[in-house]
Amino acid sequence: MKLDRHSSIPLYAQLRELILERVQEGTYAPGSKIPSEMEFCQELDLSRPTVRQAVAELVADGVLEIHKGKGTFVTEEVEKIVIPHFTALSFSFLNMNSYENLGLKSIKLLEPDRETDKYFQFPEGHSHPGYWLAEWPLIYDDQVMGNCQSYIPVQIFPDLGQSIASGKRMVDIKSNKYAYLPQKGSLSISARPARNKEAALLEVPRRSYILVAEGPLFARSGHVCEVLRIILRPDLIALELN
């Protein structure tokens, strides 16, 4: 990548992408020291404020880190927690035996919305009582690695929120509901920049890339009984797909 002085993209933004490209290609290896501000200025004929702004943004994004008195270094890669045999049912709320140690944030009653309705194959304008939203964090060693959301139709589990609020056991909540529990699913996994709320939940800088797993789970009858939306930190988690 070369800097284009005739581009509408500011030079600091171009330099930021150049440094990021060199990190990704291994020119600047994890843990290694990158050139100083003066070296970048001489190499690319840039001003120090331009270099300083590009580096500052990469430090804010966690790509670089400043060691006082030593220079600027590429952030070391941390050891990832492996989630083995990851499947569509790995984080299914209805598939769990217990929620007591889950760190459940809340069970909310949500109104119908078109984005979620499409997974349940409800036709537009179809009247139904909405969804229960169960949300919980994935935490390891006091560090947030991900966040899970489960959407469950109220018409299948009308008393889910009240049952959990009263401390009812999961086995009792699911009693006589086995025909409506998930048997298989279809999750799509993608990587994209975190939205502001997602960045706050995962405790990462804005624009950091995250993994997103989203899709429906199906009961024995073939009907959708749960929809999952999961966000994960790829710098802390590795998935082994089953």
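See the structure shown above.
From a predicted model like this one, the values you see are computed outputs, not experimental measurements.

Engineer: Describe the environment of isoleucine 152, listing the residues and the values that go with them.
Structural biologist: Inspection of the secondary structure assignment puts isoleucine 152 in strand β6 (residues 143-153). In the structure, isoleucine 152 is positioned 99 residues away from glutamine 53 in sequence and 46 Å away in space, judged by C-alpha atoms. Once residues within four sequence positions are removed from consideration, isoleucine 152 is found in contact with Phe93, Leu94, Gly130, Tyr131, Trp132, Phe157, Leu160, Cys225 and Glu226.

Engineer: So what about unusual backbone geometry? Which residues, and what values?
Structural biologist: Positioned with a positive phi, aspartate 141 is a non-glycine residue whose angle comes to about 55 degrees. The residue aspartate 141 is located in the loop between β5 (131-140) and β6 in this model.

Engineer: Explain the pattern of salt bridges to me, using residue names and the numbers behind them.
Structural biologist: The tally for this structure, following the rule as stated, stands at 13 salt bridges. One salt bridge in this structure joins glutamate 17 and arginine 16, with 2.7 Å as the shortest N-O distance. Between aspartate 235 and arginine 233 there is a salt bridge, with its nearest N and O atoms 2.6 Å apart. The exposure class assigned to arginine 233 is buried, which follows from its relative accessible area of 9%. A cluster of three or more residues bridged by salt bridges with shared partners is formed by Arg16, Glu17, Glu57 and Asp61.

Engineer: With reference to specific residues and values, describe the nonpolar core.
Structural biologist: Judged by nonpolar contacts, the single largest core of 35 residues is most densely connected at Phe91, Phe93, Trp136, Phe157 and Ile230. Every element with two or more residues in this core is listed here: β3 (81-86), β5, β6, α5 (160-165), α6 (170-173), β9 (209-218) and β10 (224-232). Beyond its immediate chain neighbours, meaning those up to four positions away, phenylalanine 157 contacts Leu94, Trp132, Ile152, Ile173, Lys177 and Leu181. Core analysis: the second largest hydrophobic core is formed by 18 residues, Val51, Val63, Leu64 and Val74 among them.

Engineer: Describe the packing of aromatic side chains, and please don't skip the residues or the numbers.
Structural biologist: The tally for this structure, following the rule as stated, stands at three aromatic pairs. Both rings, one in phenylalanine 86 and one in phenylalanine 91, keep their centres 6.0 Å apart while their planes meet at 50 degrees; by these two values the pair is tilted. For the residue pair phenylalanine 86 and phenylalanine 91, the accessibility class agrees, reading buried in each case. The ring of phenylalanine 157 carries lysine 177 above its face, with NZ or CZ at 5.4 Å from the centroid. Here arginine 229 stacks its cationic end above the ring of tyrosine 151, 4.7 Å away from the centre of that ring.

Engineer: So what's going on with the environment of phenylalanine 91? Which residues, and what values?
Structural biologist: Its location among the elements puts phenylalanine 91 in the loop between β3 and β4 (106-110). For the pair phenylalanine 91 and glutamine 149, spaced 58 residues apart in sequence, the C-alpha separation works out to 8.9 Å. The contacts of phenylalanine 91, once residues within four sequence positions are left out, are Ile83, Phe86, Met96, Trp136, Leu138, Cys148, Leu228 and Ile230.

Engineer: I'd like to hear about the packing of helix α1 (residues 11-25) against helix α3 (residues 48-60), residue by residue, with values.
Structural biologist: In contact at an axis separation of 8 Å, α1 and α3 are set at 50 degrees when each is read in the N-to-C sense. As the angle between them shows, α1 and α3 are arranged oblique. Handedness of the α1/α3 crossing: right-handed. Counting all contacts with α1, which are made through Leu11, Tyr12, Leu15, Arg16, Ile19 and Leu20, the residues of α3 involved are Thr50, Val51, Gln53, Ala54, Val55, Glu57 and Leu58. For the contact of α1 with α3, the class distribution of residues is nine nonpolar, two polar and two charged.

Engineer: Quick one: what's the story with helix α2 (residues 37-44), residue by residue and with numbers?
Structural biologist: Three or more residues of α2 are buried, namely Phe40, Cys41 and Leu44. The buried residues of α2 all sit within an arc of 100 degrees when viewed along its axis, so they share a single face. Buried positions along α2 lie against α1 and α3.

Engineer: An account of the side chain of glutamate 198 is requested, with residue identities and associated values reported.
Structural biologist: On the secondary structure map, glutamate 198 appears in helix α7 (residues 196-202). A relative accessible area of 11% places glutamate 198 in the buried class. Among residues more than four places away in sequence, those in contact with glutamate 198 are Arg192, Pro193, Ile210 and Ile231.

Thresholds, definitions, all that
- Residues numbered from 1 in each chain as written.
- Predicted model: local features only at pLDDT ≥ 70, side-chain atom pairs only at ≥ 80, totals over all residues.
- Heavy atoms only, no water.
- Helix = DSSP H or I, 4+ residues; strand = E, 2+ residues; numbered from the N terminus.
- Contact = heavy atoms within 4.5 Å.
- Salt bridge = Lys/Arg side-chain N within 4 Å of Asp/Glu carboxyl O.
- Buried < 20%, exposed > 50% of the residue type's maximum accessible area, 1.4 Å probe, protein only.
- Core = buried A, V, L, I, M, F, W, Y, C linked by side-chain atoms within 4.5 Å.
- Phe/Tyr/Trp six-rings, centres within 6.5 Å; stacked < 30°, edge-to-face > 60°.
- Lys NZ or Arg CZ within 6 Å of the ring centre and 35° of its normal.
- Axes fitted to C-alpha atoms, helices over the stretch in contact; angles between N-to-C directions.
- Parallel < 35°, antiparallel > 145°, perpendicular 65-115°, else oblique.
- Left-handed = near helix turned anticlockwise from the far one by under 90°.
- Nonpolar A, V, L, I, M, F, W, Y, C, P; charged D, E, K, R; others polar.
- Arc of directions from axis to C-beta.

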